[in-house]
Amino acid sequence: MIFAASFPTLLGLLFFTLLFLFTIYSCMLGYHWFTYGTSVHKSRLSLSIYLAGAGILFLIMGIILYTLSIVPYAY
Amino acid sequence: MLIEKIEFNTDEEVLLQAQRHWFVLITQLSFPFTLAILPLIALILLGTPLIGGTLPIDINAYSPTISFLYAAWLLILWMFAFNIWTNHYLDILILTNERIILIDQKGLFHRRVASFRLERLQDLHVEVDGIVATFFDYGTVHAETAGHSEEEFRAYGMPRPRELKAEILKAADTMIDEYRARPRVAGDDV
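Computed from a predicted model, the values in this text were never measured in an experiment.

> Provide a residue-level description of the overall build of chain B, including the pertinent values.
When you go through chain B residue by residue, the secondary structure sums to 5 helices and 7 strands. For chain B, the proportion of its 190 residues judged to be buried stands at 20%. For chain B, the proportion of contacts with a sequence separation of at least 24, taken over those separated by at least 6, is 54%.

> Provide a residue-level description of the overall build of chain A, including the pertinent values.
Counting its regular elements, chain A contains 3 helices and 0 strands. Across chain A, helices and strands are ordered from the amino to the carboxyl terminus as α-α-α. Relative to its 75 residues, chain A shows a buried fraction of 20%.

> Quick rundown of the sheet that holds strand β1 (residues 14-18) of chain B? Include the residues and the values.
Residue and element names in this part refer to chain B. Strand order across the open sheet formed by 4 strands is β1-β2-β3-β4, with antiparallel pairing between neighbours. Looking along the sheet, the strands with just one partner apiece sit at the ends: β1 and β4 (110-117). Averaged over neighbouring strand pairs, the angle between their axes works out to 15° when direction is ignored. Relative to strand β2 (residues 92-96), β1 runs antiparallel, the two being bridged by 4 bridges. Among the inter-strand pairings, V14 is bridged to a residue of β2, identified as T96. With respect to the sheet, helix α3 (residues 63-90) is in contact with β2 and β3 (99-107), its orientation differing from that of β3 by roughly 170°. Each of β1, β2 and β3 is contacted by helix α5 (residues 161-181), which is oriented at about 155° to β1, the strand it contacts most.

> Go over the interface of chain A and chain B, please, and point to the residues and values.
Taken together, the contact pairs 26 residues of chain A with 21 residues of chain B. Contributing elements (two or more residues each) for the side of chain A that touches chain B: α2 (7-36) and α3 (40-70) of chain A. Classifying every residue of the side of chain A that touches chain B by side-chain character gives 20 nonpolar, 6 polar and no charged.

> Just give me the short version of helix α2 (residues 22-46) of chain B, but keep the residues and values in it.
Compared with the 36 Å implied by 1.5 Å per residue over 25 residues, the 36 Å span of α2 of chain B between its first and last C-alpha is a close match. When the local axis directions of α2 of chain B are compared, the greatest deviation, roughly 30°, occurs at S30 of chain B, which is followed within four positions by the proline P32 of chain B.

> Go over the confidence of the model for chain B, please, and point to the residues and values.
Residue and element names in this part refer to chain B. Looking at chain B, pLDDT values average 84 and 84% of them are 70 or higher. Element-level pLDDT for chain B is lowest in helix α1 (residues 2-5), with a mean of 68, against a maximum mean of 93 in α3. Here the predicted complex scores 0.83 on pTM and 0.86 on ipTM.

> Kindly report on the packing of α2 of chain B against α3 of chain B, identifying the contributing residues and their values.
Residues and elements named next belong to chain B. The N-to-C vectors of α2 and α3 enclose an angle of 175°; their axes lie 10 Å apart at closest approach. If you check the angle between α2 and α3, you find them roughly antiparallel. Where α2 abuts α3, its residues L25, Q28, L29, P32, L35, A36 and P39 lie against Y70, W73, L74, L77, F80, A81, I84 and H88. Per-class residue counts for the contact of α2 with α3 are 13 nonpolar, 2 polar and no charged.

> I'd love a proper account of the nonpolar core, names of residues and values included.
Within the largest apolar cluster, 38 residues are counted, with the highest numbers of intra-cluster contacts made by M61 of chain A together with A71, L75, L93, I100 and M158 of chain B. When contributions to this core are tallied by element, the ones reaching two or more residues are α2 and α3 of chain A together with α3, β2, β3, β6 (138-145), β7 (152-159) and α5 of chain B. The contacts of I100 of chain B, once residues within four sequence positions are left out, are L93, L95, S115, F116, L118, A143, F153 and I168 of chain B.

> Outline unusual backbone geometry, listing residues and values.
All names here are of chain B. With phi around 55°, D137 is a residue other than glycine that occupies positive phi space. Residue position: D137 is located in the loop between α4 (131-136) and β6. Residue D137 is classed as partly exposed on the basis of its 15 C-beta neighbours within 10 Å. Even without a glycine there, the phi angle at R160 is positive, about 45°. Inspection of the secondary structure puts R160 in the loop between β7 and α5.

> Give me the packing of α3 of chain A against α3 of chain B: which residues, what numbers.
Interaxial distance between α3 of chain A and α3 of chain B falls to 9 Å at its minimum, and their mutual angle equals 165°. Considering the angle they form, α3 of chain A stands roughly antiparallel to α3 of chain B. Of the two possible hands of crossing, α3 of chain A and α3 of chain B adopt the one that is left-handed. Where α3 of chain A approaches α3 of chain B, its residues S46, Y50, G53, A54, L57, I60, M61, I64, L65, T67 and L68 of chain A are matched on the opposing element by P64, S67, F68, A71, A72, L74, L75, W78, F82, W85 and Y89 of chain B. A breakdown of the residues in the contact of α3 of chain A with α3 of chain B according to their chemical character gives 18 nonpolar, 4 polar and no charged.

Cut-offs used in this document
Residues numbered from 1 in each chain as written. Chains lettered and ligands numbered in written order. Predicted model: local features only at pLDDT ≥ 70, side-chain atom pairs only at ≥ 80, totals over all residues. Helix = DSSP H or I, 4+ residues; strand = E, 2+ residues; numbered from the N terminus. Buried ≥ 20, exposed ≤ 12 C-beta atoms within 10 Å, placed from the backbone. Contact = placed C-beta atoms within 7 Å. Pairing = 2+ DSSP bridges. Axes fitted to C-alpha atoms, helices over the stretch in contact; angles between N-to-C directions. Nonpolar A, V, L, I, M, F, W, Y, C, P; charged D, E, K, R; others polar. Expected span 1.5 Å × (residues − 1). Bend = angle between axes of the 7 residues up to and from the residue. pLDDT = per-residue confidence, 0-100. Parallel < 35°, antiparallel > 145°, perpendicular 65-115°, else oblique. Core = buried A, V, L, I, M, F, W, Y, C linked by C-beta atoms within 7 Å. Left-handed = near helix turned anticlockwise from the far one by under 90°.

Listed below in structure tokens is the structure:
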């Protein structure tokens, strides 16, 4: 039960670790696309799609995390 | 952008730029896509009593956690997929009227830029290997250069390789013709 109760905390840790890694990774990708890419338009489009997709996934994870923090598990 | 970073000579002009064929990208992206649907298939199979995969726990009770972990898995694969896209997007072959520049993005912060002058071109051949490559018309362009190191340049997954070869040979011939037609100064051809 202790493990189950600590689930939202573990997931929260995972969420913020992923957010941190994602931010660094986005900067690295953006640097490569805008420095060595062949077209500004293509680089912008790539970044937009990348951020939009990741944004949706972070939103889903955030909503689940928020729900788990306010609704306790019924094990 | 890339073109501003390459130092061209004053009378050097870009004849063509070629990137890998889109089907090569699709093939590489199929790996993270398969990894993305794998947990779903596993979950369906484990939850199907007919296969004998009944789980000892109630999955429904853990559905928020499973959804969270699946979204996290998708995010990691999303980042991986864009790493593949980066390698595809930044791999480029540039043909100018004087040289060939081959940029190979091997990974983040790992680039290989090779170039050779067209007069050093010794042998150029294309290789279209397999039904899919023949159907979608892509292949590998090998260029061997003259020199003590006998370097070989290889551009993999290039679209329309025969046309690319023809363009390179045409540019090389033009350059050699211009070189021959140049007025010679005494003592130049030692």
